[in-house]
Amino acid sequence: MKENTVLRKTPRYFDNNDENGSTSKTTAVDKVETYNVVMKPHSKWVRKKLQIDEPKGKKNKFPGKAPIDSKKLEKHSRGDEIGKGVRHPIHALKLKKKEIKYKYAQEQAARADILLTENAGYLQVDEDHRTTGITQKAIAENVDITAATKIFELKLEFGPYRTKYSRNGRHLLLGSKKGHLAAFDWVTKKLHCEINVMESIHDISWLHVETMLAAAQKEWLYIYDNTGMEIHCVKKMDKILRMEFLPYHFLLAAVNEYGFMSWLDISIGEVVGHYNNYLGRTSVMTHNPYNAMVCLGNSQGVVSMWAPTVKKPLAKILCHKTPLTAIAVDQRGMYMATSGVDRSLKIWDIRNLDGPLQHYKLRSSATDLDFSQKDMLAVGLGEVVEIYSNCCTQTVEAPYMRHKMSKSICNFKFCPYEDVLGIGTSGGFSSIIVPGSGEPNFDAYENNPYQTKTQRKEAEVKALLEKIPPELITLDPFEVVRVDVPSLKDKLDAKSKLLHVKDKKIDLKIKHKNKGLSNIARKKIIKANARKEQIKNTLEAQEMLDLPERQKPTQSFGVLDRFISKNK
Amino acid sequence: MSGLKIKVISRNPEDYLRATKRDIHKIQRNYDPTQHPLEAPREYVRALNAVKLERVFAKPFLGSLDGHTDGVSSMAKHPNRLSMLASGAFDGEIRLWDLTSRKCTRNFIAHEGWVRSICFTPNGQTFTSAGDDKTIKTWKSEVENPDDEDPMNTLLSMSVVSGVSHHRDKPIFATCGEHCQLWESTRNEPVKVFKWGVDSLHHVAFNQVENNLLASCASDRSIILYDCRETAPLRKVVLELRSNALSWNPMEAFMFTVANEDYNLYTFDVRKLKQPVNIHLDHTSAVIDVDYAPTGREFVAGSYDKTVRIFETLKGHSRDVYHTKRMQRLTCVKWSLDNKYIMTGSDEMNIRMWKARASEKLGVLKPRERTALNYADSLKEKFAGHPQIKRIARHRHVPKHILNAQKELRTIREKSKKKEANRRAHSKPGAVPIVPERKKHDVKEDE
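Every chain's residues receive numbers from 1 upward, in the order its sequence appears when written. As they are written, the chains are lettered A onward and the ligands numbered 1 onward, keeping that order. Reporting of local features is limited, given that this is a predicted model, to residues whose pLDDT is at least 70; pairs of side-chain atoms are given and counted only at 80 or more, and all residues count toward the totals for whole chains, interfaces and linings.

Now for the overall build of chain B. Secondary structure elements are defined from DSSP: runs of H or I of at least 4 residues count as helices, runs of E of at least 2 residues count as strands, and each element is numbered from the N terminus. Scanning chain B from terminus to terminus reveals five helices and 30 strands. Overall, the C-alpha framework of chain B stretches about 115 × 75 × 45 Å when taken along its three principal axes. Per-residue burial for chain B yields a buried fraction of 36% across its 447 residues. Placing a C-beta atom from the backbone of each residue, one calls two residues in contact when those atoms lie within 7 Å. Look at the contacts in chain B between residues 6 or more apart in sequence, and 47% of them connect residues 24 or more apart. Exposure is read from a count of other C-beta atoms within 10 Å of each residue's own; the residue is exposed at 12 or fewer, buried at 20 or more and partly exposed in between. C-beta atoms are placed from the backbone.

Next up on the list: the overall build of chain A. Each helix and strand in chain A was counted, giving nine helices and 31 strands. The long-range share in chain A, meaning contacts at least 24 apart out of those at least 6 apart in sequence, stands at 46%.

Before going further, it helps to spend a moment on the UniProt feature "domain: Sof1-like protein" (unreviewed entry) in chain B. UniProt positions are given in the numbering used here, feature names are shortened, and annotations may be inferred rather than shown by experiment. Under the present numbering, the feature "domain: Sof1-like protein" (unreviewed entry) in UniProt falls on residues 356–441 of chain B. The span residues 356–441 of chain B is 63% helical and 0% strand by assignment, and the distance between its end C-alpha atoms comes to 30 Å.

Now for unusual backbone geometry. All names here are of chain B. Located in the positive-phi region is Lys134, a residue other than glycine, with phi close to 65 degrees. The topology assignment puts Lys134 in the loop between strand E8 (126–131) and strand E9 (135–140). Of note, the phi angle at Tyr263 is positive, near 75 degrees, even though the residue is not glycine. Summarising the element assignment, Tyr263 is placed in the loop between strand E20 (255–260) and strand E21 (265–269).

Counting residues at the interface gives 39 residues for chain B, matched by 52 residues for chain A. When residues of the side of chain B that touches chain A are traced back to their parent elements, those giving at least two are strand E1 (5–7), helix H1 (39–56) and helix H4 (400–425) of chain B. Ten residues, namely Ala, Val, Leu, Ile, Met, Phe, Trp, Tyr, Cys and Pro, are considered nonpolar, four, namely Asp, Glu, Lys and Arg, are considered charged, and the remaining ones, Gly among them, are considered polar. Considering only residue class, the side of chain B that touches chain A consists of 19 nonpolar, 11 polar and nine charged.

We now examine the UniProt feature "repeat: WD" (unreviewed entry) in chain A. When the UniProt feature table is mapped onto this chain, "repeat: WD" (unreviewed entry) is found at residues 317–352 of chain A. Secondary structure across residues 317–352 of chain A comprises 0% helix and 56% strand; the distance between its end C-alpha atoms is 11 Å.

So, on to the nonpolar core. A set of buried Ala, Val, Leu, Ile, Met, Phe, Trp, Tyr and Cys residues, joined to one another through C-beta atoms within 7 Å, is what we call a nonpolar core. Counting residues in hydrophobic clusters, the biggest one holds 113 residues, and the most contacted among them are Leu377 and Ala378 of chain A. In contact with Ala378 of chain A, not counting residues within four places along its chain, are Leu369, Asp370, Val385, Ile387, Phe412, Phe414 and Leu421 of chain A. One finds Met75, Val161, Leu213 and Val308 of chain B within the second-largest nonpolar core, a separate group that totals 79 residues.

A few words on the sheet that holds strand E7 (residues 115–120) of chain B. All names here are of chain B. What the four strands build is an open sheet, ordered E7-E8-E9-E10; its pairing is antiparallel. Edge strands, defined here as strands with exactly one partner in the open sheet, are E7 and strand E10 (153–156). Strand-to-strand twist across the sheet, computed as the mean angle between neighbouring axes with direction ignored, equals 15 degrees. Pairing analysis gives five bridges linking E8 to E9, with the strands arranged antiparallel. Across the sheet, Thr128 pairs through a bridge with Thr138, a residue of E9. Criterion used throughout: strands pair if DSSP finds at least two bridges between them. The axes used here are C-alpha line fits, helices contributing only the stretch in contact, and every angle between their N-to-C directions lies in the interval 0 to 180 degrees.

This paragraph deals with H4 of chain B. An α-helical segment advances 3.6 residues per turn. Residues three or four places apart therefore align on the same side. Taking 1.5 Å as the rise per residue, H4 of chain B with 26 residues should run 38 Å; its terminal C-alpha atoms sit 37 Å apart, in good agreement. Counting buried residues along H4 of chain B, only one of its 26 residues qualify, which leaves the element largely exposed. Given a helix with a known number of residues, its expected span is that number minus one, times 1.5 Å.

Attention now goes to the packing of H1 of chain B against helix H3 (residues 387–394) of chain B. Residues and elements named next belong to chain B. The interhelical angle for the contact between H1 and H3, taken along N-to-C directions, is 10 degrees, at an axis separation of 9 Å. Relative to H3, the element H1 lies roughly parallel. For the pair H1 and H3, contact is made by Ala47, Leu48, Val51, Lys52 and Arg55 and by Gln388, Ile389, Ile392 and Ala393, respectively. In terms of residue class, the contact of H1 with H3 is built from six nonpolar, one polar and two charged. Angles are sorted into four bins: roughly parallel if under 35 degrees, roughly antiparallel if over 145, roughly perpendicular if 65 to 115, and oblique for all others.

Time to look at the UniProt feature "domain: BING4 C-terminal" (unreviewed entry) in chain A. Mapped onto the present numbering, the UniProt feature "domain: BING4 C-terminal" (unreviewed entry) falls on residues 399–477 of chain A. Secondary structure over residues 399–477 of chain A splits into 16% helix and 28% strand, and the C-alpha atoms at its two ends are 33 Å apart.

Moving on, we come to the packing of H1 of chain B against helix H2 (residues 367–382) of chain B. All names here are of chain B. Where H1 contacts H2, the two axes come as close as 9 Å, and the packing angle between them is 105 degrees. Considering their axes alone, H1 and H2 lie roughly perpendicular with respect to each other. Contacts between H1 and H2 involve Glu43, Arg46, Ala47, Ala50 and Val51 from the former and Ala376, Leu379, Lys380 and Lys382 from the latter. Residues belonging to the contact of H1 with H2 are distributed by class as follows: five nonpolar, no polar and four charged.

Residues and elements named next belong to chain A. Within strand E29 (residues 409–414), six of the six residues are buried, which leaves it mostly tucked inside the rest of the structure. Where E29 meets strand E30 (residues 420–425), five bridges bridge the pair, whose relative direction is antiparallel. The partner of Asn411 across the bridge, within E30, is Gly424. Between the antiparallel neighbours E29 and E30 lie five residues, among them Tyr417 with a positive phi of about 60 degrees.

Moving on to the UniProt feature "repeat: WD" (unreviewed entry) in chain B. In this numbering, the UniProt entry assigns the feature "repeat: WD" (unreviewed entry) to residues 65–107, 108–140, 280–312 and 323–364 of chain B. Secondary structure across residues 65–107 of chain B comprises 0% helix and 58% strand; the distance between its end C-alpha atoms is 13 Å.

Once that is clear, we can look at the environment of Met84 of chain B. All names here are of chain B. One can find Met84 in strand E4 (residues 84–89). Along the primary structure Met84 and Trp97 are separated by 13 residues, whereas in three dimensions their C-alpha atoms are 5.7 Å apart. Setting aside residues no more than four positions away along its own chain, Met84 makes contact with His78, Leu96 and Asp98.

Glancing now at the sheet that holds strand E3 (residues 72–77) of chain B. Residues and elements named next belong to chain B. On the basis of which strands lie adjacent, the open sheet formed by four strands has the order E3-E4-E5-E6 and antiparallel pairing. Of all strands in the sheet, those with a lone pairing partner are E3 and strand E6 (103–109), marking the two edges. Averaged over all pairs of adjacent strands, the angle between their axes in this sheet comes to 20 degrees, without regard to strand direction. The sheet contact formed by strand E5 (residues 93–98) and E6 spans six bridges and is antiparallel.

Turning our eyes to something else, we now look at the confidence of the model for chain B. The quantity known as pLDDT measures the predictor's confidence residue by residue, on a range of 0 to 100. Scored by pLDDT, chain B comes out at a mean of 93, with 100% of its residues at no less than 70. Interface predicted TM-score (ipTM) for the complex: 0.84; the corresponding pTM is 0.84.

This paragraph deals with the pairing of E7 of chain B. Residue and element names in this part refer to chain B. When you tally the buried positions in E7, you get six out of six residues, the bulk of the element. The sheet contact formed by E7 and E8 spans five bridges and is antiparallel. Bridging from a neighbouring strand, Ser117 pairs with Ala130 of E8. Hairpin geometry of E7 and E8 is characterised by an intervening segment of five residues between the two adjacent antiparallel strands and by a positive phi of about 80 degrees at Gly124.

Glancing now at the environment of Ser10 of chain B. Along the chain, Ser10 of chain B turns up in the loop between E1 and H1. Since 18 C-beta atoms lie within 10 Å of it, Ser10 of chain B is described here as partly exposed. Here the alpha-carbon distance between Ser10 of chain B and Lys444 of chain B, two residues 434 residues apart in the chain, equals 82 Å. If sequence neighbours within four positions are ignored, Ser10 of chain B has contacts with Asp144, Thr146 and Ala147 of chain A.

Okay, structure coming up:
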């Protein structure tokens, strides 16, 4: 610690030359100034504090990184932090370090949102109006020319059409009940092929690239290329009613007239799963993009979820008491919409299958349902398509949009990465604009609408290398990264492999304890309770009667009163 | 309708397509997890592919240095030139090699009988060799005129010399034979002689970090530690069987690993010699030589079972095993100072060069290649515990004699385990305690 430091002016080499300087020197010596500087042991910090004399109230010029919106962070979250119960310090430290990395990745991903170029579409009107009444004509007048070209209609004469968009939303496939099959780039309206297969087509599907398409015809499944040439006739799959293509597994899932489910691995041409679902004929089918399960709805109102390697449904839920007409599952695999012939529409939380989140009553039973990328739900009601937005988390009164047609609707699909809904009808195909339904920003490594031929080839090879085996289709897709806790049976098996240990006999069958009591026991309890009640009542009644008696003055014995028993 | 505001996604293709054919493709990214479904199974498949590719590309053998006319007995790596290697043979010949061109630059007969050991001086200008003829010769690494081909200095020892090791910075080197002797290059007599009632010592190694410390392996199954400033040896560890070679960890100066006759390697901490820090199993015959990687994380061991194994310092089993059809009993191994290559000398007159990491790509990596490899590595690490991935990553093809020997050793080990467990099961609880592998090996420490 230093105290009373005397500050003197140090002599300079020019002091002697300058006479004025010498006078000033004497004054400096005469004037002794005292400074009280308290130096603490960590003098380094003290000095630092002394040096920085920032004017108060001024903002820090470099406050560091910009804060991130918590909603954006939440979007990129991969779950909560783990490692709370880890005992060993080394493993705890390892996990902690890993968590720091995950957090950093999450932040960087959230920060990268600023680089997204496009904004989502919207539809706004005055407060006292509803968006329901806005017609396609009004929309076409209010949007730019390129967007307006997305409203179009194809008048075709081969009966009800089914439609499907390719995964990047660029190509459209039409298949009619009367055998008309057409594939085209709907943005440029360039036709790839148009054939009539001279058989009924029940369902159609794009395969992993837009050069291959599958059509479920009267007898068998056919695969065509984009020029309309027949590449394969898959006779293992017959009389198919509905198909779904699982792009990351390269599986074409199908259900046929007799209730047989089959999964065809289109990369090797092998059927990886084929069994009867014992649900009978059903044509209500969709797939959950979150976990690649196939959802089937049957005539009893039950939705069941199927994987190729398990011959029983992995989940089942009774949705309606009437036959189902349509199912749809949203992109994130959170909500499922079902509709039955009882005109009701229910929204379910798939990961927690109890009780519908929403229950709507429609004007007529829905013919088809489809979720868009931004969670808008299109509902087909005869000749009208109604589009609901935000209908899963809250109850909505009116549809977001309504589109009427003069033909009956067969099916419809939202176009990925576009604000477009394509409707297959009995009289052809019509495309309408639904602002805000599509995801504005695509990821070019997943789906690229502006893909070139070489990029497509490259992506095809990459996708084939990353083909997920069918065994990994489970209810929870993250099961493969969870800790595998061995079951009691596994543990016992491992122990029995050790030759020196006698295996304990443990009955692995779960004994269902009778949760309910037998009738006699129940009666006994009721009787006992009744008896208790009665006794209680009589006691209370007696007390009420006794009270005046106790208040009677008693005979006094003087000092000996203390021996009289006291009343309670 | 009044107040109608509509916005529809309408992309300008120019923003997404490259302007000219010479331009690079524009890649729009969106990291939203909903755009990348099935993240976990896809990563798993990528990890599976990465681990399969690792095994596909695992081609560790780079080439052999051919020229010796008898088995290679010893090798020495140059302290500051990666391409230089000196090797001695059983017929007394020493060869100097240029590893980049894989050619012999110089060869001469140095000793009568074996060249027992070679070691470079720290500056790399000279190297010392010890032979069966009881001489210790110092040679120049570079030949500029014909005189340089003769030894600079020849020392005559009274006893057999079987090992030589140089001090890190002083002009002192140690030899072993009957006793451990310290020499100064300018004197003809040893400066110091350390004795501890031992018949013979067959390996000596200076610690290159804690540079006054040295250790030697003796024929009475012991490892002796010395300090070159003291007059007497420091201490001694006696193992069950004889140790053949010893290598100090270059990063952790207090650790050393010995190659033992009982098929195992033992890592010791000099501060606690009572029990080994780690035991490295997997060889199926006596381990002849061991050498640490410059990182101190791994070491290579050559064995009499005709295989080279690479161990991680902290793990009990080998990370990799190298063998060829023609490679015979190993006599010496060296890990190059750039941590990339392994040199092995064997009985059948060849020196072989291997990659230290079997599937590593040699040469310069492009940035995209590097990121792809890093990504693959982290995926492999993330999914390392999955049975399928673990099986592929662990699988090594070994010759039949190794496979049979492994099987035999396994049955022997299992038998004793089973017996012990049975004894434990049928005696009073606590009477037969569970002893960890590290404590099982009988180690005695003397001072």
